[in-house]
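# Examining the three-dimensional arrangement
This is what each chain is made of:
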Amino acid sequence: MKLLEERILKDGNVLGENILKVDSFLTHQVDYKLMKEMAKVLADKYRSQGITKVVTIEASGIAPAAYVAECLDVPMIFAKKHKNITMTEGILTAEVYSFTKQVTSTVSIASKFLSAEDKVLIVDDFLANGQAAKGLIDIIKQAGAQVVGVGIIIEKSFQDGRQLLIDSGVEVTSLARIEKFENGQVVFTQADA
Ligand code: G4P
């Protein structure tokens, strides 16, 4: 998506070897106009497929997922990383290992929000090693629901996430795909939308 690539080039900062900081429009401060445009592209891609829920993981997946859910007129559910005291009923859980942070966390969704009739679109801000999306797929399958696709704002194509998801039979749609960082600059490869 050209608009997103331009914004990454303008406002993104490459940190170290492989981290892109985009906190001015995506992961901390949110540019709602850009968010609406991006959500529309993802929603249009999946509109004909009868999506009933959009699922993401807290924290920075929530903003893009909410906008996509609005476009598709369905609920958005975000997996929680910390069990909270109000989650007293049945919960579905998965272990998610973060290569970036080198910690494993248990993520959960209340089972009452997903059923075998659901057709789910997963949305997340970043795809790196794919562990977050893999954990969400695991939870959605525990509910007997169907994962229709994974919509990603920024994919780091030099990491393994996309292949992992494709190998598990799930379609991936990324709005920006980063091939590499070269001398602190972002180099894109062909995006999916
Ligand atoms: P994975 O989910 O694809 O396996 O990714 P990984 O473990 O490598 O990443 C862990 C966290 O770091 C994720 O956020 C992911 O969105 C984020 N992340 C990965 N690469 C980048 C990057 O280049 N830039 C930025 N800004 N974030 C990146 P999280 O820990 O789940 O949390 P949150 O920040 O959404 O709360």
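Residues numbered from 1 in each chain as written. Predicted model: local features only at pLDDT ≥ 70, side-chain atom pairs only at ≥ 80, totals over all residues. Heavy atoms only, no water.

### Description of the overall build of the protein
- Scanning the protein from terminus to terminus reveals 5 helices and 10 strands.
- Taking 16 Å as the expected radius of gyration for a compact globule of 193 residues, we find that the protein reaches 16 Å, a close match to that expectation.
- Once the C-alpha set of the protein is aligned to its principal axes, its extents read approximately 50 × 35 × 30 Å.
- Taken over 193 residues, the protein has a buried fraction of 46%.
- Long-range contacts, defined as pairs at least 24 residues apart, comprise 59% of the intrachain contacts of the protein with a sequence gap of at least 6.
- Accessible surface, the protein as shown: approximately 9,700 Å² in total, 49% of it carbon and sulfur.
- A gap of 3 Å separates the mean positions of the 22 positive and 25 negative side-chain charges of the protein. (Helix = DSSP H or I, 4+ residues; strand = E, 2+ residues; numbered from the N terminus. Rg over C-alpha atoms; globule rule 2.2 N^0.38 Å. Buried < 20%, exposed > 50% of the residue type's maximum accessible area, 1.4 Å probe, protein only. Contact = heavy atoms within 4.5 Å. Areas by Shrake-Rupley, 256 points an atom, 1.4 Å probe, with all protein chains shown as cover. Lys, Arg positive; Asp, Glu negative; His and termini not counted. Charge placed at Lys NZ, Arg CZ, Asp CG, Glu CD.)

### Brief notes about helix 1 (residues 2–11)
- Taken as a whole, helix 1 has its buried residues at Leu4, Arg7 and Ile8. Seen from one end, helix 1 has its buried residues packed into an arc of 100 degrees, which puts them on one side. Seen from the open side of helix 1, the exposed residues pointing more than 90 degrees away from its buried face are Lys2, Leu9 and Lys10.
- Packed against the buried residues of helix 1 are strand 2 (19–21), helix 2 (32–46), strand 8 (146–156), strand 9 (172–182) and strand 10 (185–189). (Arc of directions from axis to C-beta.)

### Some details on the UniProt feature "binding site: xanthine" (unreviewed entry) in the protein
- Per the UniProt record, the feature "binding site: xanthine" (unreviewed entry) sits at Leu20, Thr27 and Lys156. Lining the largest pocket, from the residues named above, are Leu20, Thr27 and Lys156.
- Tracing the backbone through its elements, the reader meets Thr27 in the loop between strand 2 and helix 2.
- Setting aside chain neighbours within four positions, we find Thr27 in contact with Val22, Ser60, Asp125 and Phe126.
- If you trace the backbone, Lys156 turns up in strand 8.
- Among residues more than four places away in sequence, those in contact with Lys156 are Asn18, Ile19, Phe126, Leu127, Ala128, Ile178 and Phe181. (UniProt positions renumbered as here; feature names shortened; annotations may be inferred. 1 Å grid on protein atoms, 1.4 Å probe; cavity = no way out; pocket = protein on both sides within 12 Å on 5 of 7 lines; lining within 4 Å.)

### Describing the environment of Ile77
- As for its position among the elements, Ile77 is in strand 4 (residues 76–79).
- Sequence spacing of Ile77 and Ile178 is 101 residues, and the spatial spacing of their C-alpha atoms is 27 Å.
- Every residue in contact with Ile77, bar those within four places of it in the chain, is listed here: Lys53, Val54, Val55, Thr56, Ile109, Phe113 and Leu114.

### Points about the site of the ligand
- What surrounds the ligand is a group of 19 residues, the closest being Leu20, Ser60, Thr100, Lys101 and Gly130.
- Here Ser60 contributes a side-chain N or O atom positioned 2.6 Å from an oxygen atom of the ligand.
- Residue Lys101 places a side-chain N or O atom 2.6 Å away from an oxygen atom belonging to the ligand.
- Considered on its own, the ligand offers 710 Å² of accessible surface; in the complex 83% of this is hidden by protein.
- Cavity membership is defined here by more than half of the atoms lying within 2 Å of grid points; on that basis the ligand lies in the largest pocket.
- Classifying every residue of the shell around the ligand by side-chain character gives 7 nonpolar, 7 polar and 5 charged. (Near = heavy atom within 4 Å. Polar contact = N/O pair within 3.5 Å; in protein donor to acceptor, adjacent residues only side chain to side chain. Sits in = over half its atoms within 2 Å of the grid points. Nonpolar A, V, L, I, M, F, W, Y, C, P; charged D, E, K, R; others polar.)

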